[in-house]
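Fold and contact review
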Amino acid sequence: LPACRDSQLFIKDLHFDGVPTRIYIPREPSASKRRGVIFIHGGCGIFGSIRSYERICRYIARKSDSVVVSVGYHLAPEHKYPAQTLECLTATVHFLKTAETYGVDPTRIIVCGDSVGGTFTASVCQELRRRTDIPKIRAQVLIYPFLQALNFNLPSHQKNATVAFLSQERTVHFILKYLNKDCSLKEPILAGSHVPESINLKYKKWINPDLIPDEFKLGYKPPLPTLFLPQVYEEVQELFEPWFSPLLAEDAVVCGLPDTCIVTCEHDVLRDEGLLYKKRLEDNNVRVTWHHMEKGFH
């Protein structure tokens, strides 16, 4: 939907330091400064837009009486990674600095995103945790986020391997499209051949089926050992960067994150990434609210 008149909201297209945004401001006067929501849409970084999330952003603004900023980051592969994360970061910083202009309390701003928007949300919050020149993010909301690209054989990957819309195979396909890589790399990545043993050992404490609660592992079969392929590893170095895989951030980063809400869905290949991040945050004394949708899907 294009921006158009709404009886309850002022809606306007803006640019925050060059990044396209759309802002939704409740028309009803407020006695005090409102809360702010930065919304980062999903779409694997290669599709989706402000327009396609219009109804959702209006709903959030109306129901929570908040000022919502929807970020229209430019899509890959035309705009190369990490342009998307950088634009989300730029828009967030701009809003934190100018919040009062829009009647928002700068200490009550959350960042929210679904799917890869959850990835960008996690990355933005990790990046801003140590900034002292701008207000702190009050909380992050991660709606079935993508958080790691090391292991595509977690219980939720196996259970939901062929579930539409985001199957196990399509997840890796979209990752390669997003990074503008050769899609022939899909099979070895699905098998885990892109990860050297040293990296597997380093991150086993965080990305490991043993950390998933038993009720989510019914029918799970540990995959057979796979042959490491150095040429594949060399082609996909981006997968091991915390900006791409926020679950790989060090504890020194994770312990400084804001209050977090994580939403997971049972019929979703990405379910376990949310569960693993939940555990990491809790282990680092970050307050987490978790909502699991038993009948939900990606």
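Each remark here, short or long, concerns the structure printed above.
Computed from a prediction, not measured in an experiment: that's the story for all the values here.

Cut-offs applied
- Residues numbered from 1 in each chain as written.
- Predicted model: local features only at pLDDT ≥ 70, side-chain atom pairs only at ≥ 80, totals over all residues.
- Heavy atoms only, no water.
- Buried < 20%, exposed > 50% of the residue type's maximum accessible area, 1.4 Å probe, protein only.
- Helix = DSSP H or I, 4+ residues; strand = E, 2+ residues; numbered from the N terminus.
- Pairing = 2+ DSSP bridges.
- Right-handed = clockwise from strand over helix to strand, strands pointing away.
- Phe/Tyr/Trp six-rings, centres within 6.5 Å; stacked < 30°, edge-to-face > 60°.

What about the pairing of strand E7 (residues 259-267)?
Of all nine residues that make up E7, seven are buried, and the element is covered over most of its length. Here strand E6 (residues 139-143) pairs with E7 via five bridges, running parallel. In the sheet register, Val141 faces E7, and the bridge partner there is Cys261. As paired strands, E7 and strand E8 (residues 288-297) are joined by seven bridges and run parallel to one another. Bridging across to E8, Thr264 finds its partner in His292. A crossover links E7 with its parallel partner E8, the connecting element being helix H10 (residues 271-283), and its sense is right-handed.

Some words on the packing of aromatic side chains
By convention here, two paired aromatic rings are described through the distance between centres and the angle between planes. A full pass over the atoms with the stated rule returns 16 aromatic pairs. For the pair Tyr81 and Phe244, a centre-to-centre distance of 5.7 Å together with 80° between the ring planes defines the contact as edge-to-face. Of this pair, Tyr81 sits in the loop between strand E4 (67-71) and helix H2 (83-98) while Phe244 sits in the loop between helix H8 (230-235) and helix H9 (251-254), placing them 163 residues apart in sequence. Comparing Tyr81 with Phe244 shows no difference in burial state: the two are buried. An angle of 55° between the planes, with centres 5.4 Å apart, marks the rings of Tyr233 and Phe240 as tilted. Exposure class is identical for Tyr233 and Phe240. Each is buried.

Bear in mind that shape data such as this cannot, by itself, settle questions of function.
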